[in-house]
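# Fold and geometry: a report
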Amino acid sequence: MTALSQVLSCVSFPLGFPNQTLSCRQRPCLEQVCPNLTRQLAQNELKQSPLLSPPKCWDYRCTRPHPAGISNENIKAECSQLFGAGLLLPVWILTNSLTEGCGVFTDACSVPVSEIIAVEETDVHGKHHTSGKWQKMEKPYAFTVHCVKRARRHRWKWAQVTFWCPEEQLCHLWLQTLREMLEKLTSRPKHLLVFINPFGGKGQGKRIYERKVAPLFTLASITTDIIVTEHANQAKETLYEINMEKYDGIVCVGGDGMFSEVLHGLIGRTQRSAGVDQNHPRAVLVPSSLRIGIIPAGSTDCVCYSTVGTSDAETSALHIVVGDSLAMDVSSVHHNSTLLRYSVSLLGYGFYGDIIKDSEKKRWLGLARYDFSGLKTFLSHHCYEGTVSFLPAQHTVGSPRDGKPCRAGCFVCRQSRQQLEDEQKKALYGLEAAEDVEEWQVVCGKFLAINATNMSCACRRSPRGLSPAAHLGDGSSDLILIRKCSRFNFLRFLIRHTNQQDQFDFTFVEVYRVKKFQFTSKHVEDEDSDLKEGGKKRFGHICSSHPSCCCAVSSSSWNCDGEVLHSPAIEVRVHCQLVRLFARGIEETEKPDSHS
């Protein structure tokens, strides 16, 4: 290690390296590498690319011998050579406190330039500064860096770090340099269309946006056009008619229902512009160039939780500000060559379909309707007979039970997409079997529930979700079949959604990774007669004499991302990475900053 490297290793990293990091870590005592020399470098050799740091770093006295082999002359010569060659760029120290008298960094962080929100000049006149060292400056100048700070449970926080220096020109040089760097981050949005649902969840959407999101957008110089929705499907209708060219993205403030509206409007508008017939089950859909941002303000916020790792509004707003991008699969649901809906999270028949259908009749109960309908549906214990046929996703590199969840920069999603594209090219040129001649698998029987998930479907109540290893952008869906079983066993299955145990480890549960599937109810041709017998399918339909039996009922409904679909016969196809969100996926490791 060179002399200069040993000094800088205890101070900070240079800007301009590939990761472009403004960095300061917990370091050994600066006195071990001669703090007096560090001060000299900052005052002399580094004037063109100065060291900015808290005052104590400028006031150390060398009380120990130099480390072996290091001399002032060696370091000065190497420093001058590097700066003269332009190989070493400005150095920053981001720190809030130093251990009194010894020079040990006790509270520091590392901030990528890509996670800087904004930089602004700080007015220091008339303000009281706790550090006597800075008060000794005749005319102090300062600027503040607004950046992202990691917190617990995947949350992001807005943090500020202020830097001081005695020269106005130096301060302006830093401001200009950083602003130029931020301007080069072209993935960041400049102008957004915002839809706010004032009724979703607890009715706090507008308040959440004004208090937690709008200030961040203003700080990042993001302009917005805001539409507060007044009726259902207003966002979808607006997206079909509005001029989209002036926007860099769309933001929805609300729950999963609000996101679904925006999703349908954006996909529909894109396909109409591209001349694609959405009603054709095998149509190749065109991805939209606009990203969708989700500010969670609903009751479940499943999509946000599964893509960010938390349902925190400030975290989601920061992902939008820094311009994150995450590609996500979308499933199209058809019946008789007619598009019914798009799905990105849960498509559930039987148990979850019955819950959403019953809860719609009890909206006056508020959020409690889901708990009431869930208990009622569990006690009713209805099962449904039908046939499921599916096309396995041979292109995927993972499996539903491999225990590898989808994370930021997911290898499974990248590799699966590549293999899917290769598979489609081979089929196009006749080198591989086309979809219509591929081998379908068929499963018949009586089912308590049939679930198809494009993502884990995690939420606060179920942190691992319905399918913990489901991936957001691998071009597949996890098809979960829960066959007829006793109430006790079904309860055991449901409980495992709330803990770390394998929820697929039951003889009555089957899970497949598929790219397309069809379902037909056994009684699909008898819908008219089923309606006449609707009165027999009420809450009282519990077999008291046989509490473990499963009562066969003609047909259920589909729960499509929280909306009811009444068709018992559907065809579902997964479209790989059709939409993009302002997100980066759940980060693998959490390293919350210790500084405040």
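A few points on the structure. It should be emphasised that the depicted structure is a prediction, and the values quoted were computed from it without experimental measurement.

### Quick notes on the nonpolar core
One broad trend across soluble globular proteins is that nonpolar side chains are buried collectively. In this structure, Phe195, Phe259, Ile482 and Phe490 are the most contacted members of the largest nonpolar core, which totals 62 residues. Broken down by element, this core gets its largest block of residues, 6 residues, from helix H8 (residues 256-274). Mapping this core onto the domain boundaries places at least three of its residues in each of domain 2 (187-324) and domain 3 (330-529 + 554-574). Apart from the residues within four sequence positions on either side, Phe259 is in contact with Cys252, Ile292, Ile294, Val303, Met328, Val344 and Leu581.

### Concerning the pairing of strand S14 (residues 326-334)
In terms of burial, S14 is largely enclosed, as 8 of its 9 residues are buried. Two strands pair when backbone bridges link them, and S14 and strand S24 (residues 569-581) are joined in this way by 8 bridges, in the antiparallel orientation. Counterpart to Ala327 in the pairing with S24 is Arg580. As defined by bridge partners, S14 adjoins strand S15 (residues 339-343) across 4 bridges and the pair is classed as antiparallel. Counted as the bridge partner of Ser331 is Ser343 from S15.

### Observations regarding H8
The periodicity of an α-helix, 3.6 residues per turn, causes residues three or four places apart in sequence to face the same way. An ideal rise of 1.5 Å per residue puts 27 Å on 19 residues; H8 measures up with 27 Å between its terminal C-alpha atoms. Summarising burial for H8: 15 of the 19 residues are buried, a large majority.

### A few points about the pairing of strand S9 (residues 156-165)
One ladder, built from 10 bridges, connects strand S8 (residues 141-150) with S9; its direction is antiparallel. The partner of Cys147 across the bridge, within S9, is Ala159. In this antiparallel pair of consecutive strands, S8 and S9, the connection spans 5 residues, and Arg153 shows a positive phi of 55°.

### Some thoughts on the sheet that holds strand S7 (residues 116-122)
What the 3 strands build is an open sheet, ordered S7-S8-S9; its pairing is antiparallel. The open sheet terminates on both sides in strands that have one partner only, identified here as S7 and S9. Strand after strand, the sheet turns through a mean of 20° between neighbouring axes, direction not considered. Each of S7, S8 and S9 is contacted by helix H5 (residues 168-183), which is oriented at about 160° to S7, the strand it contacts most. Relative to S7, helix H6 (residues 205-219) is tilted by about 65°, and along the sheet it contacts S7, S8 and S9.

### Notes on the packing of helix H11 (residues 351-359) against helix H12 (residues 368-380)
Relative orientation of the contacting elements H11 and H12 amounts to 130°, with a least axis distance of 9 Å. If you check the angle between H11 and H12, you find them oblique. For the pair H11 and H12, the sense of crossing is right-handed. Counting all contacts with H11, which are made through Phe351, Asp354, Ile355, Ile356, Asp358 and Ser359, the residues of H12 involved are Arg369, Tyr370, Ser373, Gly374, Lys376, Thr377 and Phe378. Class assignment for the residues of the contact of H11 with H12 results in 5 nonpolar, 4 polar and 4 charged.

### Digging into the side chain of Ser416
Examined against the element boundaries, Ser416 turns out to sit in helix H13 (residues 411-428). A polar contact is formed between the side chain of Ser416 and the backbone nitrogen of Val397, at a distance of 3.4 Å. Excluding its chain neighbours within four sequence positions, the residues that come into contact with Ser416 are His395, Thr396, Val397 and Asp474.

### A word on the packing of aromatic side chains
Going through the model one piece at a time under the given rule, you end up with 14 aromatic pairs. Pairing Phe378 with Phe490 gives two aromatic rings, centres 6.3 Å apart and planes at 15°, and the pair type is stacked. In this pair, Phe378 is assigned in helix H12 and Phe490 in helix H14 (residues 487-495), connecting sequence segments 112 residues apart. We classify Phe378 as buried; its relative accessible area is 15%. Taking the relative accessible area as the measure of exposure, Phe490 reaches 3% and is therefore buried. Three or more aromatic residues joined by ring pairs make a cluster, and in this case those are Phe351, Tyr352, Phe378, Phe490, Phe493, Phe506 and Phe508.

### Digging into the side chain of Ser316
Within the element layout of this structure, Ser316 appears in helix H10 (residues 313-321). In this structure the side chain of Ser316 is engaged in a polar contact, spanning 3.3 Å, whose partner is the backbone oxygen of Ile294. Sequence-distant contacts of Ser316, defined by excluding residues within four places in its chain, comprise Ile294, Ile295, Pro296 and Cys304.

### Thoughts on the pattern of salt bridges
If you walk through the whole model with that rule in mind, you get 16 salt bridges. The partner of Arg401 in a salt bridge is Asp502, and the shortest N-O contact between them spans 2.5 Å. Residue Arg401 is located in the loop between strand S17 (382-392) and H13, and its partner Asp502 is located in the loop between H14 and strand S20 (509-521); the two are separated by 101 residues in the primary sequence. The salt bridge involving Arg584 is made with Glu587; its shortest N-O contact spans 3.3 Å. Pair check on accessibility: Arg584 and Glu587 agree, each one buried.

Here is what the cut-offs are and how they apply
Residues numbered from 1 in each chain as written. Predicted model: local features only at pLDDT ≥ 70, side-chain atom pairs only at ≥ 80, totals over all residues. Heavy atoms only, no water. Core = buried A, V, L, I, M, F, W, Y, C linked by side-chain atoms within 4.5 Å. Buried < 20%, exposed > 50% of the residue type's maximum accessible area, 1.4 Å probe, protein only. Helix = DSSP H or I, 4+ residues; strand = E, 2+ residues; numbered from the N terminus. Domains from an automatic or database assignment. Contact = heavy atoms within 4.5 Å. Pairing = 2+ DSSP bridges. Expected span 1.5 Å × (residues − 1). Axes fitted to C-alpha atoms, helices over the stretch in contact; angles between N-to-C directions. Parallel < 35°, antiparallel > 145°, perpendicular 65-115°, else oblique. Left-handed = near helix turned anticlockwise from the far one by under 90°. Nonpolar A, V, L, I, M, F, W, Y, C, P; charged D, E, K, R; others polar. Polar contact = N/O pair within 3.5 Å; in protein donor to acceptor, adjacent residues only side chain to side chain. Phe/Tyr/Trp six-rings, centres within 6.5 Å; stacked < 30°, edge-to-face > 60°. Salt bridge = Lys/Arg side-chain N within 4 Å of Asp/Glu carboxyl O.

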